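The primary structure of each chain is shown beneath.
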Amino acid sequence: MSIIRLILFCVGFYVTEGGEVIDTNNLPPYVKQCHEEDPRVIDCLISALHHLRPYLRTGISEIELPSVEPFLMDELSLSLTGGPNGYTIALKDMKIYGASNFSMSKLKLSDDGKPFEAEIKIPTLKINANYQSSGVLIILPASGNGTFLGQFDDLDCMLRGRASVADKNGQKYLHVDALHVDLVVKKMRMMVKNIFKNNRILTEAINLFLRENGHEVFKVMLPQLRKKLSGLFMSISNKLLTYVPLDAFYVPQTK
């Protein structure tokens with residue numbers, strides 16, 4: 001059941017800065033092990049993931065894992081209206097809050113390189129970012145910069161991916177070959193402030209546009225957001241899995 005081990009990489013098995021593998025005989029408190037022969041292994045995986053949440057909020061200094069609050073992203077660029085003077089915005093230096101308050105609601109495992117699936121629910125994500133815009137919004141020149149604030153409620157996050165197993169120095173290691181992230185948001189609020197030296201008319205026009213077109217703005221944002229999240233999750237997971245053998249976090253069945 002190798003795909004079980006893939007899911008477990010996110011429940012708290014990391015390496016030190018020097019690349020030393022955590023001692024499986026002296027596990028730290030943030031690790032909750034699962035056993036291959038457990039008939040309720042799915043429940044164990046979900047419980048182990050939930051067990052990690054307070055450690056993700058505060059960070060784990062001994063393995064130099066920073067807090068995920070906030071979770072950082074670099075930039076999203078959005079073209080919201082067409083034409084030569086189309087309205088475009090860029091969100092930079094994004095700080096995302098609320099990612100640690102997740103719950104796994106569904107888990108589907110597969111073997112032999114077949115895709116796995118996991119559904120994660122997040123009550124609220126809040127985004128703070130630097131905002132830049134250019135072009136014309138309705139009839140107003142809308143070039144300027146300021147602050148973007150967004151709140152996204154009742155998120156469903158579906159993960160689908162493939163993994164492979166490789167032998168290295170007599171140990172088996174996982175590698176995430178592909179990962180797809182999809183998001184569904186039931187409710188959202190977006191606004192800007194401090195736009196172009198607190199230009200009241202421009203600020204109100206942008207906020208009206210965001211209120212009336214929030215779901216359309218999110219649709220434009222979604223492809224880039226999915227791509228960035230997929231690449232980021234793959235990079236983190238493969239960096240960690242390079243140093244963590246399977247048996248360090250998933251106890252194999254006794255022969």
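Residues numbered from 1 in each chain as written. Predicted model: local features only at pLDDT ≥ 70, side-chain atom pairs only at ≥ 80, totals over all residues. Heavy atoms only, no water.

## Brief notes about the pattern of salt bridges
The cut-off we apply is this: Whenever Lys or Arg places a side-chain nitrogen within 4 Å of a carboxyl oxygen from Asp or Glu, that contact is recorded as a salt bridge. Helix and strand definitions follow DSSP, with helices as H or I runs of at least four residues and strands as E runs of at least two, each counted in order from the N terminus. Three labels apply to residues, based on accessible area from a 1.4 Å probe with only protein chains included: buried if under 20% of the type maximum, exposed if over 50%, partly exposed otherwise in between.
Under the criterion given, the structure shown has nine salt bridges. Here D156 makes a salt bridge to K121, at a shortest N to O gap of 2.7 Å. With D156 in strand 8 (residues 144-168) and K121 in strand 5 (residues 116-134), the pair connects residues that are 35 residues apart, well separated along the chain. Ionic pairing is found between R200 and E204, a salt bridge with its closest N-O pair at 3.4 Å. Residue R200 and its partner E204 are located together in helix 4 (residues 200-212), separated by four residues, close to a single helical turn. Overall, the relative accessible area of 45% leaves E204 in the partly exposed class. Where salt bridges share partners, they join E119, K121, D156 and K186 into one cluster.

## Regarding the packing of aromatic side chains
Each aromatic ring pair is described using two quantities: the centre-to-centre distance and the angle formed by the ring planes. The following threshold applies: Side-chain rings of Phe, Tyr and Trp (the six-membered ring for Trp) are treated as a pair once their centres are within 6.5 Å; stacked means planes under 30 degrees apart, edge-to-face means over 60, and tilted covers the remaining angles.
Scanning all chains against the criterion turns up one aromatic pair. With a centroid separation of 5.7 Å and 40° between ring planes, the pair formed by F152 and F218 is classed as tilted. With a gap of 66 residues between them, F152 in strand 8 and F218 in helix 5 (residues 214-241) connect regions that are remote in the sequence. Side by side, F152 and F218 carry an identical accessibility label, which is buried.

## Let's talk about the environment of G146
Quick reminder of the rule: The criterion used for residue contact is that any of the two residues' heavy atoms lie within 4.5 Å.
One can find G146 in strand 8. Residue classification places G146 among the buried residues on the basis of a relative accessible area of 14%. Sequence-wise, G146 and A129 are 17 residues apart; in three dimensions their C-alpha atoms are separated by 8.8 Å. Apart from residues no more than four positions distant in its own chain, G146 is found in contact with A129, N130, Y131, K193, N194 and I195.

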